[in-house]
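An overview of the molecular structure
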Amino acid sequence: MNELSFLPNDATAQGMLLVVDAVEANRKILEYRLKLQGYAVVTAANETEALKAIQSQICDLVLLDISTLEIDGYSTLQTIKSDEASRHIPVVILSAQDELDTVVRCIEIGAEDYLIKPFNPTLLNARIVACLDKKRAHDREVHLFEQLRQNYRKLQELEKLRDDLTHMIIHDLRTPLTSVMMGMQTLEVVGEMNDEQREMMNIALSGGETLLGMINDLLDIVKMESGSLKLDYAVLDVPKLISSAIDQVASLLHEKKLTLEQQIETDSFVAHGDENKLRRTLVNLLGNAIKFTPSGGTVTMQVKSDETEQALLFSVTDTGEGIPAEWQTRIFEKFSQVESRQHGHKASTGLGLTFCKLAVEAHGGQIGVDSVHGKGSTFSFTVPLEPPTNQIKKA
């Protein structure tokens, strides 16, 4: 019985080679030559021993003599190349058969090279070196890919942990903030307040409402990103939707002495959507337009039908400083900020526009901005007349 000859793992610096040959003398001669060249060698006399060696050793290359094996030598090659664990190991065929059909068949099965006996030892070594270089390059790619996969998995875990923590903190903030605002609102009931106290209370309430709006935006953003937020679809009363959105920004318009122009052309169209989410979208866009329009300027609200897209097209235009081109693709990202170099202020936390983007896309629509720096901006979005199929409530 032939026994496998193994070398310790520290002897594999040049590469671990598996010699498969049914003739013992051939194995010993080739093993001796390869060891002189610095390779670690393991030998096998048949397919069973060869597969056992591959399973138990880190083989870098197989030298296979298909002409001496008792079983069809092609079978051994086929078995090595059909196994996911060993198919990446290069196989060099050593054979006394020089028929072209034999060479072609071995290459088609997956052999890396084919040498005809008797072969030149220098040529054999050159082929071995080339195959080992290719194998090591493959091993490096596999190792780097595995590292990348592990790093990506860790990143996903960290992102989920961050999002879960953010959601928990934001959710827990809402309750005490609501209590504070309710307490502020009942101060007038407790006792008389002078004008200065009433002004301070209104400032505090306004700040609390802004913060509560940010919290609600964050919570809804998390839900929409995860796909867990379902929209409350109903037939939209567009004039009422516009009016309620404008009511929420009326004080800001008055404070900056801005003119609001409305161009509404939807009397004959019926659309469906989540009124609350769309109103918040309009309030966010109107609020941004008011913020960046100089006192005495104009903000324009337009709604019209888009027959091509079978949708309503909403747009809000300001006469502010505009948005630099390099920022226009980033303003809908979470926490993005557009820095105004002229006035030295920033465009809020970026949550409002992120909410707008996700709310519009949840409706099956699209949102975008058209802006020329120094001349103003137009934010527009579409709402399909009919809801997406995944948002239609089942009866």
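Owing to the predicted nature of the structure, the values given are computational and were not obtained by experimental measurement. (Residues numbered from 1 in each chain as written. Predicted model: local features only at pLDDT ≥ 70, side-chain atom pairs only at ≥ 80, totals over all residues. Heavy atoms only, no water.)

**A few points about the overall build of the chain**
Within the chain one finds 10 helices and 14 strands. For the chain, restricting intrachain contacts to residue pairs at least 6 apart in sequence, the fraction spanning at least 24 positions comes to 70%. Summed over its atoms, the accessible surface of the chain is roughly 22,700 Å², and 53% of this surface lies on carbon and sulfur atoms. (Helix = DSSP H or I, 4+ residues; strand = E, 2+ residues; numbered from the N terminus. Contact = heavy atoms within 4.5 Å. Areas by Shrake-Rupley, 256 points an atom, 1.4 Å probe, with all protein chains shown as cover.)

**Observations regarding the sheet that holds strand 9 (residues 298–306)**
Reading across from one edge, 7-9-10-14-13 is the order of the 5 strands in this open sheet, with mixed pairing throughout. Where the open sheet ends on each side, the last strands, each with one partner, are strand 7 (259–265) and strand 13 (367–372). The mean inter-strand angle of the sheet, taken between neighbouring strand axes irrespective of direction, is 15°. Bridging between strand 10 (residues 311–317) and strand 14 (residues 376–384) involves 7 bridges; their strand directions are antiparallel. The partner of V316 across the bridge, within strand 14, is F379. Contacts between helix 8 (residues 238–255) and the sheet are confined to strand 7, strand 9 and strand 10, with strand 7 contributing the most and set at about 175° to the helix. (Pairing = 2+ DSSP bridges. Axes fitted to C-alpha atoms, helices over the stretch in contact; angles between N-to-C directions.)

**Digging into empty space enclosed by the protein**
Under the counting rule described, the total for this entry stands at 1 cavity of 30 Å³ or more. Roughly 50 Å³ of volume is contained in the largest cavity. Mapped by element, the contributors of at least two residues to the lining of the largest cavity are helix 1 (24–36) and helix 5 (121–185). Along the lines of polarity and charge, the residues of the lining of the largest cavity split into 5 nonpolar, 2 polar and 1 charged. (1 Å grid on protein atoms, 1.4 Å probe; cavity = no way out; pocket = protein on both sides within 12 Å on 5 of 7 lines; lining within 4 Å. Points joined across faces, edges and corners; volume = space filled by probe spheres on them. Nonpolar A, V, L, I, M, F, W, Y, C, P; charged D, E, K, R; others polar.)

**Structural notes on the pairing of strand 3 (residues 61–64)**
The alternating pattern of strand 3 places L61 and L63 on one face and V62 and L64 on the opposite face, and all of these are buried. Sheet analysis places strand 1 (residues 16–20) next to strand 3, joined by 4 bridges and oriented parallel. Across the sheet, residue V19 finds its bridge partner in strand 3, namely L63. Alignment of strand 3 against strand 4 (residues 91–95), held across 3 bridges, turns out to be parallel. Bridge pairing in strand 4 places V62 opposite V91. (Buried < 20%, exposed > 50% of the residue type's maximum accessible area, 1.4 Å probe, protein only.)

**A word on the sheet that holds strand 2 (residues 40–44)**
Read across the sheet, 5 strands follow the order 2-1-3-4-5 without closing on themselves; strand pairing throughout is parallel. Both outer strands of the open sheet, strand 2 and strand 5 (113–116), are each paired with one neighbouring strand and no more. Each neighbouring strand pair of the sheet contributes to a mean axis angle of 20°, computed without reference to strand direction.

**Topic: the confidence of the model for the chain**
Considering every residue of the chain, the mean pLDDT works out to 82; 88% of them sit at 70 or more. Overall, residues 1–12 carries pLDDT values under 50, and its contacts beyond four positions in sequence, including any with other chains, amount to 24 contacts. (pLDDT = per-residue confidence, 0-100.)

**With respect to a nonpolar patch on the surface**
Together, L165, M168, I169 and L173 make up an exposed nonpolar region whose accessible area comes to about 350 Å². Position of L173 among the secondary structure elements: in helix 5. (Patch = residues over 30% accessible without salt bridge, like charges linked within 9 Å, V, L, I, M, F, W, Y side chains within 5 Å. Salt bridge = Lys/Arg side-chain N within 4 Å of Asp/Glu carboxyl O.)

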